Amino acid sequence: MEKGAISRDDVLKTMQEYDALGGPEFLDLYGFKAARKFLILHDGKEYDSKAIAAVAHKHQHGRPLTWQELSGGVGHAVDWLKREGFKIGVSRSPKWTRDELILACDVVARNGWQGLSASDPRIAELSELLQLLGAYPPEERAAEYRNCNGAALKTMNIASFHPDYPGTPTNGGQLDREVLEDFLARPEEMARAAALLREGLRSGTLQPMLPEDDGVDDDDVSAPEGRVLYRRHLTRERNKRLRLKKITAVLRKGGILACEVCAFDFGAVYGERGRGYIECHHVVPLHEAGEGTTRLADLALICSNCHRMIHRCAPWPTPAQLRASVQEQARVVGAAVSKLPTSAANPYLSAT
């Protein structure tokens, strides 16, 4: 079905049918389930966006679309409805991000690992910070997005996962547990991360939403400080001026541009294409170093693979710690290979 195949009048007629039958009966008649996310907000009422768009198809084309024929999200039904001037909302707020949970868990920790009520002024402050954080764009937020009731409920969920909680844990998510465990294992680090988030959000120095073409691929990177501070950390690492200063300092001392972890030299392997290339890693995470001036001693020159391995999971190892791990792994593999028969250790020998 091509875009633009339904009109505003088609949608309004379908809404009248929805009202006449009743929502559950309308959905049952046309074989749809209640919207899990997107709703049409019209004249003080809410309508299931996917079902309305699909059934509206019959007014010009003789039949409604089935649920299999139409995507209910952004890019299909929602786009059609928006283009015809309808306001779209969401049925429920999205899942909490790690950044949001760090802020909430810090409030619980400072309250003796007890949840807080919606009327507590600290919950009002938390709700305000969550709005400033803007972990999700406006079109993905329900009307009650991160309000005091939701923020208070989250603190109760987090508190219920504490080892000393006397009752049964509530229905919080796995990420709630993980952030709580991080606070218990590294309380000073996590409290510092929360403090930096609060300070950055209040001052406006943290910009959580990056341009879509920024190229940040942090889906499988576990940042101990949360995604927002991790992105700030990456910004420091990508500072071309600092990287050039670090490279110049190393070369002036007679060093070479080799990875400080595994000694990989891009120039030696790739020739002219790789000459002068090396990545720059800020050894101290933002939540530990704070927002002070970066010193060259805080920077390490490492290859792409080692850089990725450092950032892969928390807590991040230093280049020296990762180097020791690489050397130990090489020793283990070398010892294992030495015990194999000659032909198995080097299959090329058995072929000659």
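Residues numbered from 1 in each chain as written. Predicted model: local features only at pLDDT ≥ 70, side-chain atom pairs only at ≥ 80, totals over all residues. Heavy atoms only, no water.

Caption draft 1: Just the overall build of the chain, in detail. Counting secondary structure elements, the chain contains 18 helices and five strands. Expressed as a percentage of its 352 residues, the buried residues of the chain come to 41%. Contacts in the chain between residues at least 24 apart in sequence constitute 66% of all its contacts with a sequence separation of at least 6. Roughly 19600 Å² of accessible area belongs to the chain as shown, and the carbon and sulfur atoms make up 52% of that amount. (Helix = DSSP H or I, 4+ residues; strand = E, 2+ residues; numbered from the N terminus. Buried < 20%, exposed > 50% of the residue type's maximum accessible area, 1.4 Å probe, protein only. Contact = heavy atoms within 4.5 Å. Areas by Shrake-Rupley, 256 points an atom, 1.4 Å probe, with all protein chains shown as cover.)

Caption draft 2: Seen up close, the sheet that holds strand S3 (residues 87-90). Spatially, three strands are ordered S2-S1-S3 in an open sheet, and the strand pairing comes out antiparallel. Lying at the two open borders of the sheet, with one neighbouring strand each, are strand S2 (45-48) and S3. On average, adjacent strands in this sheet sit at an angle of 40 degrees to one another, irrespective of strand direction. Here helix H1 (residues 8-21) sits on the sheet and contacts strand S1 (38-42) and S2; the angle it forms with S2, its principal contact strand, is near 100 degrees. Relative to the sheet, helix H3 (residues 49-56) contacts S1 and S2, its axis offset from that of S2 by approximately 70 degrees. (Pairing = 2+ DSSP bridges. Axes fitted to C-alpha atoms, helices over the stretch in contact; angles between N-to-C directions.)

Caption draft 3: Quick look at the packing of aromatic side chains. The final tally for this structure, using the stated rule, is eight aromatic pairs. Taking 5.9 Å as the distance between ring centres and 65 degrees as the angle between the ring planes, the aromatic pair formed by Tyr230 and Trp316 counts as edge-to-face. With Tyr230 in helix H11 (residues 227-237) and Trp316 in the loop between helix H15 (304-311) and helix H16 (319-338), this pair connects stretches of sequence that are 86 residues apart. For the pair shown, Tyr230 and Trp316 are each scored as buried. A cation sits over an aromatic face here: Arg8 above Phe86, 4.3 Å from the ring centre. (Phe/Tyr/Trp six-rings, centres within 6.5 Å; stacked < 30°, edge-to-face > 60°. Lys NZ or Arg CZ within 6 Å of the ring centre and 35° of its normal.)

Caption draft 4: How the structure looks around the environment of Leu29. For Leu29, the location among the structural elements is in helix H2 (residues 23-30). Those residues in contact with Leu29, other than ones at most four positions away along the chain, are Glu17 and Leu21.

Caption draft 5: Here's a closer look at the pairing of S2. In this structure, S1 lies alongside S2, joined through four bridges in antiparallel fashion. Paired with Leu39 across the bridge in S2 is Asp48.

Caption draft 6: Geometry of the packing of H1 against H3. Packing of H1 against H3 leaves a shortest axis separation of 9 Å and a crossing angle of 115 degrees. By crossing handedness, the relation of H1 to H3 is classed as right-handed. Of the residues in H3, those touching H1 at Asp10, Val11, Thr14, Met15, Glu17 and Tyr18 are Ile52, Val55 and Ala56. The residue inventory of the contact of H1 with H3, partitioned by class, reads six nonpolar, one polar and two charged. (Left-handed = near helix turned anticlockwise from the far one by under 90°. Nonpolar A, V, L, I, M, F, W, Y, C, P; charged D, E, K, R; others polar.)

Caption draft 7: Inspection of the pattern of salt bridges at higher detail. Across all of its chains, the model carries 15 salt bridges by this definition. One salt bridge connects Glu17 with Lys58, and the closest N-O pair in it is separated by 3.1 Å. Taken as a pair, Glu17 in helix H1 and Lys58 in helix H4 (residues 58-61) lie far apart in primary sequence, 41 residues in all. Each of the salt bridges in this network shares a partner with another, and the network as a whole consists of Arg98, Asp182, Arg186 and Glu189. (Salt bridge = Lys/Arg side-chain N within 4 Å of Asp/Glu carboxyl O.)

Caption draft 8: Quick peek at helix H12 (residues 240-252). The end-to-end C-alpha distance of H12 is 18 Å, a good match for the 18 Å that 13 residues give at a rise of 1.5 Å each. Every buried residue of H12 is accounted for by Leu242, Lys246 and Ile247. The buried side chains of H12 occupy one side of the element, clustering within an arc of 135 degrees when seen end-on. In H12, the exposed positions angled more than 90 degrees off the buried face are occupied by Lys240, Arg241, Leu244 and Arg252. Where H12 is buried, its residues contact H11 and strand S5 (299-302). Gly254 lies just past H12 and shows a positive phi near 85 degrees. (Expected span 1.5 Å × (residues − 1). Arc of directions from axis to C-beta.)

Caption draft 9: Highlighting the pairing of S5. Taking every second residue as pointing to the same face, both faces of S5 are buried, with Leu299 and Leu301 on one and Ala300 and Ile302 on the other. Relative to S5, strand S4 (residues 279-282) runs antiparallel, the two being bridged by four bridges. Directly across from Glu279, in S5, lies its bridge partner Ile302.

Caption draft 10: Highlighting a nonpolar patch on the surface. Judged by side-chain polarity, Val333, Val337 and Leu340 come together as a nonpolar surface patch covering roughly 220 Å² of accessible area. Note on placement: Val337 falls in helix H16. (Patch = residues over 30% accessible without salt bridge, like charges linked within 9 Å, V, L, I, M, F, W, Y side chains within 5 Å.)

Caption draft 11: Summary view of unusual backbone geometry. Phi at Trp113 is positive, roughly 60 degrees, even though this residue is not glycine. Positionally, Trp113 belongs in the loop between helix H6 (98-110) and helix H7 (121-133).

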